[in-house]
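Report on the structure
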Amino acid sequence: MDMLIFEVGIAVALITLTGLISAKLRFSVIPFYILIGMAVGPHAPQIGIVDLRFIESSEFIEFMGRLGILFLLFYLGLEFSVSRLMKSGKAILTGGMFYVGLNFASGLLLGWFMELPLKETLVVCGIMTSSSTAIVAKVLVDLKRTANPETEIIMGMIMFDDLFIAIHISILTGLVLSGATSFLSVLLVSLSALLFIVLFLIIGRKCIKYIDKALNIKSSELFLLTVMTLLFLVAGFSETLHVAEAIGALMMGLVLGESRHASRIEHQIMPFKDFFGAIFFFSFGLTIEPSTLGGAVGMTVIAVILTIASNYGAGMIAGRLSGMSPRASLNVGFTLVSRGEFSIIMANIGKAGGLMASIQSFAVLYVLILAVLGPILTKESPWIYSQYARLRKRMRGKETG
Amino acid sequence: MHFKETDLPGIGRKYWLHTRSGEHLVIVIHNDERRDLFHMESGDSPEELGDMVSLVTLDDDEARAVAAIVGGMTYKPTFQDEREVMLEGLLIEWLRIEPHSESIGRTIGELNIRQATGAVILAVVEKNRTKQFNPGPDYIFTAGATVVVAGERDQIKLLKQLLSNGRL
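The text that follows walks through the structure, step by step, so that each part is easy to find. Since this is a predicted model, take the numbers as computed values, not measurements. (Residues numbered from 1 in each chain as written. Chains lettered and ligands numbered in written order. Predicted model: local features only at pLDDT ≥ 70, side-chain atom pairs only at ≥ 80, totals over all residues. Heavy atoms only, no water.)

**Comments concerning unusual backbone geometry**
Even without a glycine there, the phi angle at E115(A) is positive, about 55 degrees. Checked against the element boundaries, E115(A) lands in the loop between α5 (90-113) and α6 (118-129). Assessed through its relative accessible area of 70%, E115(A) is described here as exposed. Backbone geometry places R129(B), a non-glycine residue, at a positive phi of 75 degrees. Relative to the elements of secondary structure, R129(B) occurs in the loop between β8 (120-125) and β9 (131-133). Residue R129(B) is classed as exposed on the basis of its relative accessible area, which comes to 53%. (Helix = DSSP H or I, 4+ residues; strand = E, 2+ residues; numbered from the N terminus. Buried < 20%, exposed > 50% of the residue type's maximum accessible area, 1.4 Å probe, protein only.)

Quick look at the structure:
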């Protein structure tokens, strides 16, 4: 009996239900999608016709999740254009550099401390450097902080971070996925990947007039089909040059983000992003065997502490650079703590390249903790600041009195 | 007057106005068309933003309606429905002559509008948008025309009845 559609239906029902519950509890939905994916899977029971093992459908759910990454990153590209980043100002660029630098360094530190090989260390660096745009944007809106002056800085820094991660992923895929062994061939693959990205973006920018003209399509059906064609062809073609398909999708988004039709494209893609994106987090959870996570707890705890510390530092620096109050600067650092989609994409690359399995477990725990802790730190940052200010006042009082 | 505009990538676009009366108004237009209107306190200096005083969230429809009211545009009739303006008992209304109205083909004098209802007809805008101000007693009503009338609420109610039934 073919139960494929029914199984996918159950998966979607589970995702929806957890989403509704976490929204009711006012939590970010992403960690819950992963958790529910982990809760079911091959080790789960089968109740009547409801097969929670998802054996028949796992391949399809995985494919839908793969589409989810494409849509998530394509959408991100539409929103985060390079010209917007250039316009955002020097303070954000410098702050972003400090942010990326500190987080990357803490990844290197962790890799060195855990005695990981080079490839694994670089994957860990990527996992630890990538803030979750989806979670941060949602938390800022939910907490009604969009009017605050530090919000521009936060989103600007995230934009910088995402573009850095895109380049990091492209280098990493050369290193991890191409199968190249010698240092020279790795370098060659990575450089050609980078060259492809840069050329694509430059040519895309030059051709935007023609793309605009080609997209002057009244019928929304044909418009959508054209956009999808561009997205899938570019993403798929990128893979042949060892540029992850996700990065191909991001690049296509960056190019189309400069188009006159950008907001129409965003509008049409958003439902796909929401649906397949949710399935992506679920399918990621599905691939995790919960019992294997125990071994990565120590490493994760260290990583979480390192991340919070380096985010605090980067937030303070970025805040000071743009003349923010210490309170707003603390907001910047703590808001950026959330980790999510990019960290998971990074872990998936590690998995595809056959790296140590413990990296995967580490990524799961790390993302789960910070996807929950990040929004909490964001929310409580004013309270933490007031405690800190009180403490300082008392210390000062003791010194003088 | 100076609006400071900034992008909030991933969220939308932000407009910040420091008003002449010294208050801060921040408008965020979300990518999903929602509008947030923040009234913010001043920070350490009057030009700086402080904490939020209040927030109103509007959806697309509401935002458009508010924009029209704030911009003073709702006083312009849209020729589709009646709009009314009230000035201390005096009411100005835009009435449409419906296609089945009994007054079509008859004149203002014939219907004896001023004497019968007390309301006056200030102007008429025909379906083809030609305007006629202060039409005389020999003006003939046509289908689809919009009549601008003034009077008290009761008088206008009578006039509506007269226009649609041809009698009171």
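**Topic: the nonpolar core**
Residues F54(A), F74(A) and F362(A) are the most contacted members of the largest nonpolar core, which totals 141 residues. Considering each element in turn, this core owes the most residues, 14 residues, to helix α8 (residues 150-176) of chain A. Sequence-distant contacts of F74(A), defined by excluding residues within four places in its chain, comprise V227(A), L231(A), A249(A), L250(A), M252(A), G253(A), L256(A), I265(A) and I269(A). Membership of the second largest hydrophobic core comes to 18 residues, among which are I97(B), L111(B), I121(B) and Y139(B). (Core = buried A, V, L, I, M, F, W, Y, C linked by side-chain atoms within 4.5 Å. Contact = heavy atoms within 4.5 Å.)

**Focus on helix α9 (residues 183-206) of chain A**
Residues and elements named next belong to chain A. Spanning 24 residues, α9 covers 34 Å between terminal C-alpha atoms, matching the ideal 34 Å at 1.5 Å per step. Buried within α9 we find V186, V189, S190, A193, F196, I197, F200 and G204. Where the residues of α9 are buried, they touch α8, α10 (208-214), α11 (220-240) and α12 (245-256). (Expected span 1.5 Å × (residues − 1).)

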